[in-house]
Amino acid sequence: HEAAIYVVSSLFGNRMFDWIQGQSPDVPKKPNPRGALTIAQRFDIKKKEIMYLGDTDTDMKTGRAAGMYTVGVTWGFRTQEELEENHACALVRRPQQVVELLEKLNR
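Quick caveat, the model's predicted, so the values are computed rather than measured.

A. Highlighting the sheet that holds strand 1 (residues 51-54). Read from one edge of the open sheet, three strands run 1-2-3, paired in parallel fashion. With one partner strand each, in any of the chains shown, strand 1 and strand 3 (90-92) form the two edges of the open sheet. On average, each strand axis in the sheet is tilted by 30 degrees relative to the strand beside it, whichever way the strands run. Summarising the sheet, strand 2 (residues 69-73) and strand 3 pair through three bridges and their orientation is parallel. Note that in strand 3 the partner of Gly72 across the bridge is Leu91. Lying over the sheet, helix 5 (residues 96-105) contacts strand 1, strand 2 and strand 3, oriented at roughly 155 degrees with respect to strand 1.

B. Region of interest: unusual backbone geometry. With an omega of 15 degrees, the peptide bond running from Lys30 to Pro31 counts as cis. Phi is positive for Asp44, which is not a glycine, with a value near 55 degrees. Look at Asp44 and you get exposed, because its relative accessible area is 73%. The phi angle at His87 is positive, at roughly 65 degrees, despite the residue not being glycine.

About the cut-offs
Residues numbered from 1 in each chain as written. Predicted model: local features only at pLDDT ≥ 70, side-chain atom pairs only at ≥ 80, totals over all residues. Heavy atoms only, no water. Pairing = 2+ DSSP bridges. Helix = DSSP H or I, 4+ residues; strand = E, 2+ residues; numbered from the N terminus. Axes fitted to C-alpha atoms, helices over the stretch in contact; angles between N-to-C directions. Contact = heavy atoms within 4.5 Å. Buried < 20%, exposed > 50% of the residue type's maximum accessible area, 1.4 Å probe, protein only.

Such coordinate-based values are descriptive only and should not be taken to indicate function.
Have a look at this one:
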C-alpha cells in the first residue's frame, strides 16, 4: 500500500487521486473484489456505475467479480487476447478512447 502511494504520488503529485489503494493485510489480493468494492463504498458509488480499467487477466477477473464494467487497456504488458479471453466488456488502445467510451455509455 505504501509503495502504491509513493509511486502514484511521484508520478502524478498528491492531488490527482482522491484515494490510492495498494495491497494491505486487510484487503485480499486481486482477483478478490473486496478492494474494488471497498473503494466504491467509500465514495458511495454503485458498482454498476464503475468502469474498472486494467491490463491483465487478473484485472478483468477482479472487475467482473465486483460487478463492474471492465475495460482492458492494450498498452499494458499483457496481450489483447488475454483481455478478450477474460471477458473484458470493452478494449481501448489509447487513453482518449476511455473518454470516448464513457461518452458513448452515457448516451
